[in-house]
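If you want the building blocks of each chain, they are given just below.
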Amino acid sequence: MESNTGQGTHMYVLSLQNSQMSACTISGTYTPAPGATRFDIFDRLRLDAVREYPSMEGSIVVYFALESNAVTGEGVAR
C-alpha cells in the first residue's frame, strides 16, 4: 500500500500464517481516508497481502499493529 505523500500518517505491520505453516509479513505506512476505522484499514491490508501472496488466502493473523507514524507531537503517547 503506497502513500503519495512519501510516508503515511500511520505505520502498520501485519503477519499472516497459512495452514501449510507458511508465513508472510507486510509493513509500511498508510494515510487512512477520513472516517476510516481500524477494522477498515486491517481489512484493506489483509486483502492487499493476499493479492501479493495468494497462498495466504484463508490464513490466520499472527500479528497486527497500526500506530501513529509520528514520534513527537500531536497524537503521540508520552
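Structural data are supplied above this passage.
Because the structure is a prediction, the values reported are computed rather than measured.

(A) Here's a closer look at the overall build of the chain. Counting secondary structure elements, the chain contains 1 helix and 3 strands. Overall, the chain shows an N-to-C arrangement of helices and strands of β-β-α-β. Here the chain holds 78 residues, and the buried ones make up 27% of them. Look at the contacts in the chain between residues 6 or more apart in sequence, and 56% of them connect residues 24 or more apart. Element-wise, carbon and sulfur atoms account for 53% of the exposed surface of the chain, whose accessible area totals about 5,400 Å².

(B) Region of the structure containing the sheet that holds strand 1 (residues 10-17). Overall, antiparallel pairing links the 3 strands, which are arranged 2-1-3 in an open sheet. Edge positions in the sheet fall to strand 2 (23-30) and strand 3 (60-68), since each of these pairs with one other strand and no more. Geometrically, the sheet is characterised by an average inter-axis angle of 10° between neighbouring strands, direction not taken into account. In the sheet, strand 1 pairs with strand 2 via 8 bridges, with the strands oriented antiparallel. Looking across to strand 2, one finds that Met11 is bridged to Thr29. On the sheet, helix 1 (residues 38-52) packs against strand 1, strand 2 and strand 3 and is oriented at approximately 125° with respect to strand 3.

(C) Quick peek at helix 1. The end-to-end C-alpha distance of helix 1 is 21 Å, a good match for the 21 Å that 15 residues give at a rise of 1.5 Å each. Within helix 1, the full set of buried residues consists of Ile41, Phe42, Leu45, Asp48, Ala49 and Val50. Buried residues along helix 1 sit in contact with strand 1, strand 2 and strand 3.

(D) Spatial organisation of the side chain of Asn18. Tracing the sequence through the fold places Asn18 in the loop between strand 1 and strand 2. A distance of 3.0 Å separates a polar atom in the side chain of Asn18 from the backbone nitrogen of Gln20.

(E) View of the packing of aromatic side chains. Counted by the stated rule, this structure contains 2 aromatic pairs. Judged by centre distance (6.0 Å) and plane angle (40°), the ring pair of Phe39 and Phe42 falls under tilted. Of this pair, Phe39 and Phe42 both sit in helix 1, 3 residues apart, which is roughly one turn of that helix. Given the relative accessible area of 56%, Phe39 is considered exposed. Accessibility expressed as a relative area gives 17% for Phe42, which makes it buried.

The rules behind the values
Residues numbered from 1 in each chain as written. Predicted model: local features only at pLDDT ≥ 70, side-chain atom pairs only at ≥ 80, totals over all residues. Heavy atoms only, no water. Helix = DSSP H or I, 4+ residues; strand = E, 2+ residues; numbered from the N terminus. Buried < 20%, exposed > 50% of the residue type's maximum accessible area, 1.4 Å probe, protein only. Contact = heavy atoms within 4.5 Å. Areas by Shrake-Rupley, 256 points an atom, 1.4 Å probe, with all protein chains shown as cover. Pairing = 2+ DSSP bridges. Axes fitted to C-alpha atoms, helices over the stretch in contact; angles between N-to-C directions. Expected span 1.5 Å × (residues − 1). Polar contact = N/O pair within 3.5 Å; in protein donor to acceptor, adjacent residues only side chain to side chain. Phe/Tyr/Trp six-rings, centres within 6.5 Å; stacked < 30°, edge-to-face > 60°.

Worth remembering: the numbers are spatial, not functional.
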